Amino acid sequence: MYRFAANLSMLFTEVPFLDRFKAAQDAGFEGVEFLFPYEWSKQDLKARLDDTGLEQVLFNLPAGNWEKGERGIAALPGREGEFQHSVELALEYAEHLNCRKLHVMAGICPEDETLESCFEVYLANLAYVCEQAKAADVMVLIEPLNTRASPGYLLSHQAQARKIIDHIAAPNLKLQMDLYHAQIMEGDLSVLIRHQMDYVGHIQIAGVPDRHEPSEGEINYGWIFSELLKAEYEGWVGCEYTPKADTKSGLGWLDTARKIFT
């Protein structure tokens, strides 16, 4: 049976962040992911993981000034020193939390820079983080984001990500395939799953178009889950969606999914 990870940045927001670990455990999740851990101490987060027995599956490297609209710094010229510091910090947290996957957000190309210069910096920074993470046995993930939710983001299509992974050629660089973003940008999810599973290091799900429960919207996740079985996907499924109401009342889809995966 596949394991589902609750994204604590979006689920169980009815309670304070550190209390969401227990809420996720009570709801039957075995793992958690979230955007950023850096607001909390490594010790406090580890204590919540130990108390609940949850696995820390994934989190992001620092992404710059989120409040001012930055969505990553890996592709921003002139920020290479800051990026290297962010790698060091993220790996410290990953080691303490026994987290084996880190997502590197590319960022939005500044108006005074060319796409070519941003991609050059992005590739160099990805090579750097892969080398640093390899020593810590950590997988590095890149994720295409849809242009409706993240206009200007450097990476928006699955093919782009595959080309970058091929170019870097690091064994620990993989694709974070968020089916919410992929459906909005490309659709044809069954074919994407069948043809690029060798690239995939992590799957995330949400309903489309409103990013609510996977049972809401135009994606037939019953079909998608069966496709993941056929493709022999062995990783976690991250639940990165905004509940339509309170989190607990919208979790009926999870029982259905578990039956499919059993």
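Look a little higher up for the structure.
Rules used in this analysis
Residues numbered from 1 in each chain as written. Predicted model: local features only at pLDDT ≥ 70, side-chain atom pairs only at ≥ 80, totals over all residues. Heavy atoms only, no water. Core = buried A, V, L, I, M, F, W, Y, C linked by side-chain atoms within 4.5 Å. Buried < 20%, exposed > 50% of the residue type's maximum accessible area, 1.4 Å probe, protein only. Helix = DSSP H or I, 4+ residues; strand = E, 2+ residues; numbered from the N terminus. Contact = heavy atoms within 4.5 Å.

A.B. asks: Got a minute to help me understand the nonpolar core in this structure?
C.D. replies: In globular proteins that are soluble, nonpolar side chains generally tend to be buried together. F4, F21, F29, Y122, I205 and W253 are the most contacted members of the largest nonpolar core, which totals 82 residues. Counting residues per element, this core draws most heavily on helix α3 (residues 80-97), at 7 residues. Every residue in contact with Y122, bar those within four places of it in the chain, is listed here: A74, A75, A106, I142, L154, L155 and I164. Listed in part, the 5 residues of the second largest apolar core include A5, V57, L58 and W236.

A.B. asks: I tried to follow unusual backbone geometry on my own but got confused; where do I start?
C.D. replies: Peptide bonds are, in most cases, trans, and in most cases residues other than glycine have a negative phi. A cis amide bond, omega 20°, links V208 with the succeeding residue P209. Looking at the element boundaries, P209 is found in the loop between β7 (200-205) and α8 (221-230). Positive phi is not limited to glycine here, since F12 has a value of about 60°. Within the secondary structure, F12 sits in the loop between β1 (4-7) and α1 (20-26). Residue classification places F12 among the buried residues on the basis of a relative accessible area of 5%. In this structure, E232 is a non-glycine residue whose phi angle is positive, near 60°. Positionally, E232 belongs in the loop between α8 and β8 (237-239).

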